[in-house]
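Structural overview for review
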Amino acid sequence: MPDASEVDTRVHPEVDALLAQHDDAVAAVARRVRAAVLSGHADLGERVRHGWHSINYRDPVAGFVCAILPRADRVHLVFERGVLLPDPAGLLTGSGRQVRGLEYTGGSPVDAAVVQEFLDHAVEIGAGLRVR
């Protein structure tokens, strides 16, 4: 699995345009998170949602699974059904009824293995719910 410090080589002009609205530190973290998301799930569809100011990811079977939300001083990786994700280490943030996420600041390392573990579960849960 590629290190999350490597930037995914898939070109997406809308992603670049969205991240250009942020300072270099936030944009760099968002690119590392993006690389971590895409590294293990090449079949995810990627779409910029300007209204949400996010980069959304959709699995062909599970549907919408997660989104990267760059903000002024941090980056959130939110999982659509995050409340259902196993989180024994207590890494996920959020208190809503459904969404949970990982939060990164400018200097935060992005552990691709952690992102992939949550993403694997998110895809599995989403696929299971859609099959019902």
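A brief report on the enclosed structure follows. (Residues numbered from 1 in each chain as written. Predicted model: local features only at pLDDT ≥ 70, side-chain atom pairs only at ≥ 80, totals over all residues. Heavy atoms only, no water.)

Our focus in this paragraph is the overall build of the chain. Secondary structure summary: the chain contains three helices and five strands in total. Reading the chain from its N terminus to its C terminus gives the helix and strand order α-α-β-β-β-β-β-α. Here the C-alpha radius of gyration of the chain, 14 Å, is about what a compact globule of 132 residues would show, namely 14 Å. When the backbone C-alpha atoms are referred to their principal axes, the chain occupies close to 40 × 30 × 30 Å. Within the chain, the fraction of its 132 residues that count as buried is 45%. Looking at the chain alone, contacts between residues at least 24 apart form 53% of all its contacts between residues at least 6 apart. As presented, the chain carries roughly 6,900 Å² of accessible surface, and 53% of it is formed by carbon and sulfur atoms. Looking at charge distribution, the chain has the averaged site of its 14 positive side-chain charges lying 9 Å from that of its 18 negative ones. (Helix = DSSP H or I, 4+ residues; strand = E, 2+ residues; numbered from the N terminus. Rg over C-alpha atoms; globule rule 2.2 N^0.38 Å. Buried < 20%, exposed > 50% of the residue type's maximum accessible area, 1.4 Å probe, protein only. Contact = heavy atoms within 4.5 Å. Areas by Shrake-Rupley, 256 points an atom, 1.4 Å probe, with all protein chains shown as cover. Lys, Arg positive; Asp, Glu negative; His and termini not counted. Charge placed at Lys NZ, Arg CZ, Asp CG, Glu CD.)

Our focus in this paragraph is the packing of aromatic side chains. Counting across every chain of the model gives two aromatic pairs. With centroids separated by 5.9 Å and ring planes inclined at 40°, the aromatic side chains of F79 and F118 adopt a geometry described as tilted. On the criterion of sequence distance, the pair formed by F79 in strand β4 (residues 74–79) and F118 in helix α3 (residues 112–131) is long-range, its members being 39 residues apart. (Phe/Tyr/Trp six-rings, centres within 6.5 Å; stacked < 30°, edge-to-face > 60°.)

Attention now moves to unusual backbone geometry. Even without being a glycine, H53 presents a positive backbone phi close to 55°. Mapping H53 onto the fold places it in the loop between β1 (45–49) and β2 (54–59). Judged by its relative accessible area of 17%, H53 falls in the buried class.

Moving on: the sheet that holds β1. Paired through backbone hydrogen bonds, the strands of a sheet run either parallel or antiparallel to each other. With respect to topology, five strands assemble into an open sheet ordered β1-β2-β3-β4-β5, the strand pairing being antiparallel. Bordering the open sheet on either side are β1 and β5 (100–105), each of which pairs with just one other strand. This sheet shows a mean twist of 20° between the axes of neighbouring strands, independent of strand direction. The sheet contact formed by β1 and β2 spans five bridges and is antiparallel. Bridged to G45 within β2 is R58. The strands that helix α2 (residues 24–40) touches are β1, β2, β3 (63–70), β4 and β5; relative to β4, the one it contacts most, it runs at about 25°. (Pairing = 2+ DSSP bridges. Axes fitted to C-alpha atoms, helices over the stretch in contact; angles between N-to-C directions.)

Time to look at the environment of T93. With respect to the element layout, T93 can be found in the loop between β4 and β5. For T93, a relative accessible area of 36% puts it in the partly exposed group. Remark: the alpha-carbon pair of T93 and L77, spanning 16 residues in sequence, is separated by 9.9 Å. Ignoring anything within four residues of it in the chain, the contact list for T93 reads R100, G101 and E103.

As a working rule, side chains carrying opposite charge can pair if their charged atoms are close by. The tally for this structure, following the rule as stated, stands at three salt bridges. With its nearest N and O atoms 3.2 Å apart, the salt bridge here joins R74 to D73. Salt-bridge contacts for R74 lead to E103; the nearest nitrogen and oxygen are separated by 2.5 Å. Linking R74 in strand β4 with E103 in strand β5, this pair joins segments that are 29 residues apart in sequence. (Salt bridge = Lys/Arg side-chain N within 4 Å of Asp/Glu carboxyl O.)

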